[in-house]
Amino acid sequence: MKTIALGTEKLEVSQLGLGCMGMSAFYTGAGSDEAGSIRTIHRAMELGVTFFDTAEIYGPYTNEELLAKAFADGRRDRVVIATKFGTIKHRQNDERGMDGSADNVRLSVEGSLRRLQTDHIDLYYQHRMDPDTPIEETVGALKELIEEGKIRHYGLSEASPATIRRANAVHPVTAIQTEYSLWTRDPEAEVLPTVRELGIGFVPYSPLGRGFLTGTIRSLDQLSDDDFRRFNPRFEGDNLEANIRIVEQVDEVAREVGAKPGQVALAWLLSKGDDIAPIPGTTKVANLEQNVAAADLQLTPEQLARLDAVAAPVGDRYPDMSTVNR
Ligand code: ATR
């Protein structure tokens, strides 16, 4: 698989990464098949995927531990590990909530290094911005971790353009990770132009629309009671029904090119630029193979234009939109 360089400091990653969240958290079946998840990670490596995405909050903690198991036996040095901090308050009994303080950055990184069984994190993201801590304090602490060799690069997830600029002025940001897909076009307005101006890499998460764009989710009955998507407005009752029309339009293109709708969604995203490294998530080898094959799928300009024109979805992408783009 092709590799791309993220940021002005050029972190080299495979063009498609692997989102590991669903192996341990938030989606139906999380935590139920460790062996299958590890097989999926190993198969990804065989297919040239080098970019693996986790966070301390996934589990919490167990997803990082899973990656450590998968990368034991000498694999660690062949991969780029991205993990995230900032949504667990280690100064306050590990409660959930935003904490971007320098103290919390330090407490968080030690935990992640221990669980990942590594002496450095390749890319360390602030998971969500903390309105009570100036970004300069957070990035100041991250810069120290880079100087100490504990992390190699840093990034921000779901940061606003103004925050990205302030962070980048303290130390160059390597990557911004934000939700971006055929049904989440938000970053195109301001975030993408900002990262391009500053030479920052972009990592779209949920590039398959949390699975919806694969066309395999037709009803909430398919999801367990605690699956995050049950609480996501786009998956609610009438909204889900309305949004299925989007998948139908993606499927139309998929049929023309003899591919699956999820592959078309990924190929469309990859067509948006060489500074973009989407991280589709899957727990299964077969789905991973399908997603990786999308990197070789060429769509015509006319097909891409039709996909660009797909209707906007009904419903917000989070139950509480106040925690993103700030
Ligand atoms: P996230 O970034 O939040 O993980 P995503 O990448 O948009 O979201 O989509 C992940 C979801 O799509 C998962 O529920 C995954 O389910 P599996 O673990 O069962 O694969 C699903 N998914 C990923 N690739 C798929 C594929 N090729 N076909 C069908 N579903 C797929």
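The rules we used
- Residues numbered from 1 in each chain as written.
- Predicted model: local features only at pLDDT ≥ 70, side-chain atom pairs only at ≥ 80, totals over all residues.
- Heavy atoms only, no water.
- Near = heavy atom within 4 Å.
- Polar contact = N/O pair within 3.5 Å; in protein donor to acceptor, adjacent residues only side chain to side chain.
- Areas by Shrake-Rupley, 256 points an atom, 1.4 Å probe, with all protein chains shown as cover.
- Pairing = 2+ DSSP bridges.
- Helix = DSSP H or I, 4+ residues; strand = E, 2+ residues; numbered from the N terminus.
- Contact = heavy atoms within 4.5 Å.
- Axes fitted to C-alpha atoms, helices over the stretch in contact; angles between N-to-C directions.
- Core = buried A, V, L, I, M, F, W, Y, C linked by side-chain atoms within 4.5 Å.
- Buried < 20%, exposed > 50% of the residue type's maximum accessible area, 1.4 Å probe, protein only.
- UniProt positions renumbered as here; feature names shortened; annotations may be inferred.
- Phe/Tyr/Trp six-rings, centres within 6.5 Å; stacked < 30°, edge-to-face > 60°.
- Lys NZ or Arg CZ within 6 Å of the ring centre and 35° of its normal.

Looking at an unreviewed UniProt entry, the chain carries the name Aryl-alcohol dehydrogenase-like predicted oxidoreductase, with the source organism given as Leifsonia soli.

Around the ligand, the structure places 19 residues, and the nearest of them are Tyr27, Thr282, Thr283, Lys284 and Asn287. Between an oxygen atom of the ligand and a side-chain N or O atom of serine 206, the distance comes to 2.9 Å. Contact between the ligand and asparagine 287: an oxygen atom at 2.7 Å from a side-chain N or O atom of the residue. In isolation the ligand exposes 630 Å². Once the protein is present, 88% of that is buried.

For the rest of this paragraph, the subject is the sheet that holds strand β3 (residues 18-19). The sheet built from seven strands is open, its strands ordered β3-β4-β5-β8-β9-β10-β11 with parallel pairing. Two strands lie at the open edges of the sheet, namely β3 and β11 (201-205), each paired on one side alone. Pairing geometry for strand β8 (residues 121-126) and strand β9 (residues 151-157), over five bridges, is parallel. Looking at the pairing, leucine 123 lines up with histidine 153 of β9. Sheet strands touched by helix α3 (residues 102-116): β5 (80-85), β8 and β9. Its angle to β8, the strand with the most contacts, is close to 140 degrees.

Here we come to the nonpolar core. Formed by 72 residues in total, the largest nonpolar core has its most connected members in Leu18, Ile41, Phe52, Phe71, Ile151, Tyr154 and Ile176. Counting residues per element, this core draws most heavily on helix α7 (residues 237-257), which supplies seven residues. Not counting residues up to four positions away in its chain, the partners in contact with phenylalanine 71 are Ile41, Met45, Phe52, Arg76, Val79 and Ile81. The next biggest cluster of nonpolar side chains, apart from the first, holds 24 residues, and it includes Tyr58, Ala82, Tyr125 and Val324.

According to UniProt, the positions carrying the feature "domain: NADP-dependent oxidoreductase" (unreviewed entry) are residues 20-311. Along residues 20-311, the helical share is 40% and the strand share 12%, with 29 Å between the first and last C-alpha atoms.

Here we come to the packing of aromatic side chains. Overall, the coordinates contain nine aromatic pairs when judged by the stated rule. Arranged with centres 5.7 Å apart and planes meeting at 90 degrees, the rings of tryptophan 183 and phenylalanine 235 form a pair that is edge-to-face. With tryptophan 183 in the loop between β10 (175-179) and α6 (191-198) and phenylalanine 235 in the loop between β11 and α7, the pair connects residues that are 52 residues apart, well separated along the chain. Centroid distance phenylalanine 212 to phenylalanine 235: 5.6 Å. Interplanar angle 80 degrees. Geometry classified as edge-to-face. Here phenylalanine 235 lies in the loop between β11 and α7 and phenylalanine 212 lies in the loop between β11 and α7, a separation of 23 residues in the sequence. Residue classification places phenylalanine 235 among the buried residues on the basis of a relative accessible area of 0%. Among the aromatic residues, those joined into a cluster by ring pairs are Tyr180, Phe202 and Trp268. In this structure, arginine 229 packs its charged tip against the face of tyrosine 27, placed 4.1 Å from the ring centre. Between the NZ or CZ atom of arginine 234 and the centre of the ring of tryptophan 183, over which it lies, the distance is 4.9 Å.

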